[in-house]
Amino acid sequence: MPTTSPTTSALTNSLRTPLGVEILTGEHGEHGEHGDEPRARLPGQGRPHPAHRLRAQDGGEYLFVGLGGGTTPPDPQPLTLHLAPGDLCFYDVRHAPALDFPERFRATVFLVPAGLLGLAGADAGRIARTPVARSSRLGMLLSPLLSELARATAEARPQVGEMLAWNAVNLLATLVTEQLGGQSPDPAGARSPVLARVLDHIELHLTDPDLSPEVIARAHHISVRYLHKLFKDEGTTVGRWILRRRLDECRRDLIRHGRGSRTIAAVAARWGFLSATHFSRVFRAAYGMSPREWRDSAGGAARTGRR
């Protein structure tokens with residue numbers, strides 16, 4: 001994932017793993033030419049996105065997750081998010097937000113391919129609009145833990161550092177699941193009961209290769225058109241949702257079984273993929289590597305960390 005260093009900050013590359021995860025930490029404190037504004041920038045490609053600004057009033061540590069591999073265009077609407085020390089904010093590395101921060105603060109940045117967190121399409125844009133507050137239930141638990149993991153990777157030997165980075169990715173994926181599951185276009189803040197039942201149905205039949213919008217709609221006595229509307233309101237489609245969930249499970253199985261008794265084709269077939277070639281193609285499109293490369297990189301790091 002190509003990145004550019006912040007203009008004047010002292011971000012240090014703590015670790016870069018074979019999976020494309022990079023962790024950077026550093027102190028910010030230098031001012032611009034007139035001494036009136038810190039010139040710190042988040043790692044990203046090109047100039048900061050002029051319509052996306054992060055603002056903070058107090059010094060302290062802030063956590064950021066730069067998402068790589070996105071395919072959706074940037075949101076043209078102006079967006080200013082207010083952060084407090086310990087808050088965690090996702091952003092798109094292609095359109096990194098501008099920073100309006102105090103004179104001195106510390107930043108910990110996780111650069112992660114969006115696919116590793118199960119993010120695709122509109123989901124990446126949705127999660128970048130909602131920081132995780134340090135005072136929230138998960139923020140209170142994960143913010144200090146992620147901060148410690150970042151520091152530990154800088155001090156650990158490479159094999160252990162890779163495993164720690166993978167643990168951080170798992171925590172971030174958990175956070176993503178919680179954040180997206182809690183968002184809804186419904187003003188009352190609750191998902192449609194019909195959609196909730198549909199999602200449960202998909203989970204129960206994820207391994208069925210015949211799972212399709214027609215089958216799902218028939219099982220719930222609704223039209224296919226209405227089913228598509230339910231998922232459109234969530235910013236995705238039925239097919240993309242099923243594909244993402246199947247890929248998530250395949251990714252876990254490939255790590256769990258490694259080079260053991262289950263082949264890549266068997267893992268794909270278990271989760272409803274009829275063609276191993278198609279599975280490899282969509283897996284690479286989602287995660288930037290082949291299933292074999294994923295299994296060897298992630299599984300190798302896990303086995304090394306247990307020694």
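Quick note: structure is the one above.
Everything numeric in this text was worked out from a predicted model, so none of it was measured.

Novice: Is there a simple way to think about the pattern of salt bridges in this case?
Specialist: Where charged atoms from two side chains of opposite charge approach closely, those side chains can pair. The full count for this structure, using the stated rule, is 15 salt bridges. Between Arg106 and Glu61 there is a salt bridge, with its nearest N and O atoms 3.9 Å apart. One end of the pair, Arg106, is in strand β8 (residues 105-113); the other, Glu61, is in strand β4 (residues 61-68), and 45 residues separate them in sequence. Exposure remark for Glu61: the relative accessible area of 18% places this residue in the buried category.

Novice: How should I be thinking about the packing of aromatic side chains in this particular structure?
Specialist: Given two aromatic rings, their pairing is described by the distance between the two centres and the angle made by the two planes. Counted according to the given criterion, the structure contains nine aromatic pairs. Measuring from ring centre to ring centre gives 4.7 Å for Phe283 and Tyr287, while their planes differ by 65°; the resulting arrangement is edge-to-face. Linking Phe283 with Tyr287, this pair stays in helix α9 (residues 276-287), spanning four residues, or about one helical turn. Owing to a relative accessible area of 7%, Tyr287 belongs among the buried residues under this scheme.

Novice: Looking at this structure, I do not really get the sheet that holds strand β7 (residues 97-100). What am I missing?
Specialist: Backbone-to-backbone hydrogen bonds pair the strands of a sheet. The strands run either parallel or antiparallel. Read across the open sheet, the three strands follow the order β5-β3-β7; overall the sheet is parallel. With one partner strand each, in any of the chains shown, β5 (79-83) and β7 form the two edges of the open sheet. On average, adjacent strands in this sheet sit at an angle of 25° to one another, irrespective of strand direction. Two strands pair when backbone bridges link them, and strand β3 (residues 49-56) and β7 are joined in this way by four bridges, in the parallel orientation. Each residue of the ladder has a partner; that of His49, found in β7, is Pro97.

Novice: Is there a simple way to think about the nonpolar core in this case?
Specialist: Nonpolar side chains in soluble globular proteins generally cluster together in the buried interior. Among the nonpolar cores identified, the biggest contains 62 residues, and Phe90, Leu117 and Phe231 are the most heavily contacted of them. When residues no more than four places from it in sequence are discounted, the contact partners of Phe90 are Val65, Leu67, Leu117, Ile127, Ala128, Val132, Leu175 and Val176. Core analysis: the next-biggest nonpolar cluster, separate from the first, contains 20 residues, Leu54, Tyr62, Tyr91 and Val93 among them.

The rules we used
Residues numbered from 1 in each chain as written. Predicted model: local features only at pLDDT ≥ 70, side-chain atom pairs only at ≥ 80, totals over all residues. Heavy atoms only, no water. Salt bridge = Lys/Arg side-chain N within 4 Å of Asp/Glu carboxyl O. Helix = DSSP H or I, 4+ residues; strand = E, 2+ residues; numbered from the N terminus. Buried < 20%, exposed > 50% of the residue type's maximum accessible area, 1.4 Å probe, protein only. Phe/Tyr/Trp six-rings, centres within 6.5 Å; stacked < 30°, edge-to-face > 60°. Pairing = 2+ DSSP bridges. Axes fitted to C-alpha atoms, helices over the stretch in contact; angles between N-to-C directions. Core = buried A, V, L, I, M, F, W, Y, C linked by side-chain atoms within 4.5 Å. Contact = heavy atoms within 4.5 Å.

Keep in mind these numbers describe shape, not what the thing actually does.
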